[in-house]
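Next come the chains, spelled out residue by residue.
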Amino acid sequence: MAELKTRLQNDLTVAMKARETVTAGALRMALTAVTNEEVSGKQARELSDDEVVKVLSREAKKRKEAAEAFDGAGRTEKAELERQELAVLEVYLPKQLDDAELASIVDKAYDAVAAQLGEAPGQKQMGQVMKAVNAEVAGRAEGGRVAAAVKAKLAG
């Protein structure tokens, strides 16, 4: 079993014993999402830690979007609950890259693709640059941020 999944289960037990309802709720939802991912498809399988991180990233993104939606609807108490759950999930996610680190990774990927093509990549080669950047980033930055950084590099 993936170490991260085991850690989530152990932390859920601790949170339940301590009667931390927000933490327990967030961990339950995360574990449910992991289990759903394990049994989806034609055959049940164990997820690796990297796959568990991807599931947790997806869940964190849902919490962030829900908090924004609740804020927009004037439901601040619901938005705050979503933000608290997001904070619980962020503990298990890798540290997010800051803009300078992301720009450095994009520059390296851009240079690698340029060397491969023998010319500076343009918008048509965005997919190649994105593939190289995503391999390096591995869940430490949201896809939208990565895409924006790559577009800016290709345009500039």
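As shown above, the structure is provided for reference.
Predicted model only: the values in this text are computed from it and were never measured. (Residues numbered from 1 in each chain as written. Predicted model: local features only at pLDDT ≥ 70, side-chain atom pairs only at ≥ 80, totals over all residues. Heavy atoms only, no water.)

## Considerations on the environment of glutamine 123
In step 1: The topology assignment puts glutamine 123 in the loop between helix H5 (99–117) and helix H6 (126–137).
In step 2: C-alpha separation for the pair glutamine 123 and leucine 8, spaced 115 residues apart in sequence, amounts to 41 Å. (Helix = DSSP H or I, 4+ residues; strand = E, 2+ residues; numbered from the N terminus.)

## Quick notes on the side chain of glutamate 38
In step 1: Looking at the element boundaries, glutamate 38 is found in helix H2 (residues 21–39).
In step 2: Not counting residues up to four positions away in its chain, the partners in contact with glutamate 38 are Lys5, Gln43, Ala44, Arg45, Glu46 and Leu47. (Contact = heavy atoms within 4.5 Å.)

## A few points about H5
In step 1: The end-to-end C-alpha distance of H5, which contains 19 residues, comes to 27 Å, matching closely the 27 Å that a straight helix rising 1.5 Å per residue would cover.
In step 2: For H5, the complete set of buried residues consists of Leu102, Ile105, Val106, Ala109, Tyr110, Val113 and Ala114.
In step 3: Glycine 118 sits one or two residues past H5 and shows a positive phi near 85°. (Expected span 1.5 Å × (residues − 1). Buried < 20%, exposed > 50% of the residue type's maximum accessible area, 1.4 Å probe, protein only.)

## Section: the packing of aromatic side chains
In step 1: Within this structure, the stated rule accounts for 0 aromatic pairs.
In step 2: The ring of tyrosine 110 is capped by lysine 153, whose NZ or CZ atom sits 4.8 Å from the centre of that ring. (Phe/Tyr/Trp six-rings, centres within 6.5 Å; stacked < 30°, edge-to-face > 60°. Lys NZ or Arg CZ within 6 Å of the ring centre and 35° of its normal.)

## Focus on helix H4 (residues 76–90)
In step 1: Taking 1.5 Å of rise per residue, the 15 residues of H4 would be expected to cover 21 Å, and the 21 Å separating its terminal C-alpha atoms lies within 8% of that figure.
In step 2: What H4 keeps buried is the set Ala79, Glu82, Glu85, Leu86, Val88 and Leu89.
In step 3: Elements that come into contact with the buried residues of H4 comprise H2 and helix H3 (49–72).

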